[in-house]
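Coordinate inspection notes
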Amino acid sequence: MTTAAEGTPVVTAPGERGWRWLVLALSGAVAVTFVASWPPSLALLGLTVQWVLPIESFGVLVLSAIGACAVASWARGGRLLPAVLVVIALGLWVWRWPPSPAGPRSFEFGWSLLVSAVFGWVCVLSSFRPLLSRALLSIAGAALLLVVVLSVSARWSGPGLDSLNAAFTQELANRRDRALTVWQGRVTDPAWLALGARVPAVAQTGNRVAQQLAEASPPVAVVPALLVLETMAALALAWAAWHRLTRFRLGPPLASLTQFRFSDQLVWGLVVGATMVLLPSLEVWWTMGVNLLLVFGALHALRGLGVLLWWIPDRWAVVPLLLVLLCIPLLGPVQVLATVAVLALGLGLGDTWRDFRRTARPLRPDPRP
């Protein structure tokens, strides 16, 4: 990629990666945006997705972030037409599916526009920061503005943090009730009854999962961490999409997962979170500690997954995938995913002390670019 002087935008295309994975990711974004319309057979999976994604309209978050990239590009000397088109598309989306005056739906649109606006300013003011640092800075700035607005609003008898927490609690409970109602209609379908008669284990597994979800509490305590992770995913998707739609560059492109790394200082987020969770004297900060552990743990697990993929040659990559798929029916999806997550987290933490991708040779004959 061509370098430029400080303050001068980089406008040459630095060889972005292909469209295959981006199209799959965009398709997934559209699918989870309309998760409430999934067929009854996927009701339980849809409920899990709705619990993991606090903002159900994930497509609005991605589209607003693309709009921020377009406006930032125009502000730094790019073309005006793409910025106008993206802003019009976002306006049409909001007009077609307007948010309710209050509640989580209104928060979804408000957060999407707020974090995208802050992200756009960060992109205008910084030329060479990597995407992860921009995303973390944008989310922190948007969260600070949100807390200030809610605090002022609560002072004037408006909705505050407590009312927002209650609204999310009710919303997640409503999502569970709707999904379980759809699932109950599924289990009374003749096709499902015939399948259950032929393969009783499938019916028993479905009923057991539905029972567990019905008895589980909505993950309200970790909504902030899930919101941060969802927002980072949306910003990364928007960043990758924008740099394939235009030759104007706002910063360095996304590298492959095998190259994913960040400042080792972020490990202190895990240390602070673990301290808040483990020390009895800091019990009042327990919820914040859990959220810190989830956010920074996910980042380090993603880093560890990059290390793991770095070591695995392309011709052997299908072997661990098949092993995971074979273990799921034997051990259950929760145990398998937990094992993979712990392994990836351990590698990610170890990579902060010893850069495996520099001090060790990969098993592949030629490292990935």
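The residue numbers shown here count from 1 along each chain, following its written sequence. Local features in a predicted model are, by the rule used here, given only for residues with pLDDT of at least 70; side-chain atom pairs are given and counted only at 80 or more, and totals for whole chains, interfaces and linings are based on all residues. Think of the side-chain values as coming from all heavy atoms in the structure, minus any hydrogens and water.

1. Here's the deal with the overall build of the protein
The condition is simple: Strands are runs of DSSP state E lasting at least 2 residues, helices are runs of H or I lasting at least 4, and numbering of each runs from the N terminus. Relative accessibility under 20% of the residue-type maximum defines a buried residue, over 50% an exposed one, and the middle range a partly exposed one, all with a 1.4 Å probe and only protein chains included. In what follows, residue pairs with any heavy atoms lying within 4.5 Å of each other are defined as contacts.
Counting its secondary structure elements, the protein contains 15 helices and zero strands. Among the 369 residues that make up the protein, the fraction classed as buried is 38%. A sequence separation of at least 24 residues applies to 75% of the contacts in the protein between residues at least 6 apart.

2. Overview of the nonpolar core
The following threshold applies: Buried Ala, Val, Leu, Ile, Met, Phe, Trp, Tyr and Cys residues form a nonpolar core when they are joined through side-chain atoms within 4.5 Å.
In this structure, W111, F119 and L250 are the most contacted members of the largest nonpolar core, which totals 72 residues. Looking at which element gives the most residues to this core, the answer is helix α10 (residues 223-245), with 13 residues. Not counting the four nearest positions on each side in its chain, L250 is found in contact with C69, A72, S73, R76, C123, S126, S127, R134, W239, W242 and H243.

3. Digging into the side chain of S126
Operational definition: Here a polar contact is taken to be a pair of N or O atoms separated by no more than 3.5 Å, where protein atoms must pair a possible hydrogen donor with a possible acceptor and residues adjacent in sequence count only if both atoms sit in side chains.
The residue S126 is located in the loop between α5 (104-125) and α6 (131-155) in this model. For S126, a relative accessible area of 10% translates into the label buried. For S126, the side chain forms a polar contact with the main-chain oxygen of V122, separated by 2.7 Å.

4. Description of the environment of G141
Inspection of the secondary structure puts G141 in helix α6. Along the chain, G141 and V118 lie 23 residues apart, while their C-alpha atoms are 6.9 Å from each other.

5. Comments concerning the layout of surface pockets
For the record, the criterion: A pocket, in this scheme, is an open set of points on a 1 Å grid over the protein atoms alone with protein on both sides within 12 Å along at least 5 of 7 lines, while a cavity is a set where a 1.4 Å probe fits but cannot get out; residues line either one if an atom lies within 4 Å of a point. Grid points are joined across faces, edges and corners, and a volume is the space filled by probe spheres set on the points. Residues are sorted three ways: Asp, Glu, Lys and Arg are charged, Ala, Val, Leu, Ile, Met, Phe, Trp, Tyr, Cys and Pro are nonpolar, and all the rest, Gly among them, are polar.
Approximately 1000 Å³ is the volume found for the second largest pocket. Going through the elements one at a time, α5, α6, α7 (161-187), α10 and α12 (286-311) are the ones with two or more residues in the lining of the second largest pocket. The dominant element in the lining of the second largest pocket, judged by the number of residues it contributes, is α6, at seven residues. Here the residues of the lining of the second largest pocket are counted per class, giving 23 nonpolar, three polar and one charged.

6. Section: the packing of aromatic side chains
Short version of the rule: The rule is short: rings of Phe, Tyr and Trp, with Trp giving its six-membered ring, pair when the centres are within 6.5 Å, and they are stacked under 30 degrees, edge-to-face over 60, tilted in between. In this scheme, the term charge over a ring applies when either NZ of a lysine or CZ of an arginine sits within 6 Å of the ring centre and within 35 degrees of the ring normal.
Counted under the stated rule, the structure contains five aromatic pairs. Where F119 meets W239, the ring centres are 6.2 Å apart and the plane angle is 70°; that geometry is what we call edge-to-face. Taken together, the residues span a long stretch of sequence, with F119 in helix α5 and W239 in helix α10 at a distance of 120 residues. Comparing F119 with W239, the two get one shared label, buried. Ring pairing ties together the aromatic residues F107, W111 and F168, which thus form one cluster. The ring of F262 carries R303 above its face, with NZ or CZ at 5.0 Å from the centroid.

7. Overview of the pattern of salt bridges
Keep this limit in mind: Here, a salt bridge means any Lys or Arg side-chain nitrogen found within 4 Å of an Asp or Glu carboxyl oxygen.
Across all of its chains, the model carries seven salt bridges by this definition. The partner of D264 in a salt bridge is R303, with the nearest N and O atoms 3.2 Å apart. With D264 in the loop between α10 and α11 (267-278) and R303 in helix α12, the pair connects residues that are 39 residues apart, well separated along the chain. Here D264 falls in the partly exposed class, since its relative accessible area comes to 34%. Classification of R303 as buried rests on a relative accessible area of 2%. Overlapping salt bridges, with partners in common, bring together E56, E108, E171, R175 and R178 in one network.

8. Re the packing of α5 against α7
Keep this limit in mind: Here an axis means a line fitted to C-alpha atoms, over the contact stretch when the element is a helix, while the angle between two N-to-C directions is reported on a 0 to 180 degree scale. Note that the term roughly parallel is reserved for angles under 35 degrees, roughly antiparallel for angles over 145, roughly perpendicular for angles of 65 to 115, and oblique for everything else.
As a packed pair, α5 and α7 sit with axes 9 Å apart at the nearest point and diverge in direction by 110°. Taken together, the axis directions place α5 and α7 in an arrangement best described as roughly perpendicular. Residue-level inspection shows P104, F107 and E108 of α5 in contact with α7, the latter providing L164, A167, F168, E171 and R175. Tallied by class, the residues present in the contact of α5 with α7 amount to five nonpolar, no polar and three charged.

9. Things to note about helix α3 (residues 58-75)
For clarity, the threshold we go by: By this rule, a helix spans an expected 1.5 Å times one less than how many residues it contains.
Under the 1.5 Å per step criterion, the end-to-end length of α3 is 26 Å for 18 residues, consistent within 8% with the ideal 26 Å. Counting buried residues along α3, 15 of its 18 residues qualify, which places the element largely inside the surrounding structure. Directly after α3, the chain includes G77, whose backbone phi takes a positive value near 110°.

10. Description of a nonpolar patch on the surface
Put simply, the rule is: Exposure above 30% relative accessible area and the absence of a salt bridge qualify a residue for a patch, where like charges join within 9 Å and nonpolar side chains (Val, Leu, Ile, Met, Phe, Trp, Tyr) within 5 Å. Residue-level accessible areas treat just the shown protein chains as cover; the underlying method is Shrake-Rupley with a 1.4 Å probe.
A cluster of nonpolar residues, V71, W74, L80, V84, V87, I88, L92 and W95, forms a patch on the protein surface that exposes about 810 Å² of accessible area. Mapped onto the nonpolar patch, the elements with two or more residues apiece are α3 and α4 (80-96). By residue number, the principal contributor to the nonpolar patch is α4, which donates six residues. Tracing the chain through its elements places W74 in helix α3. Look at W74 and you get partly exposed, because its relative accessible area is 44%.

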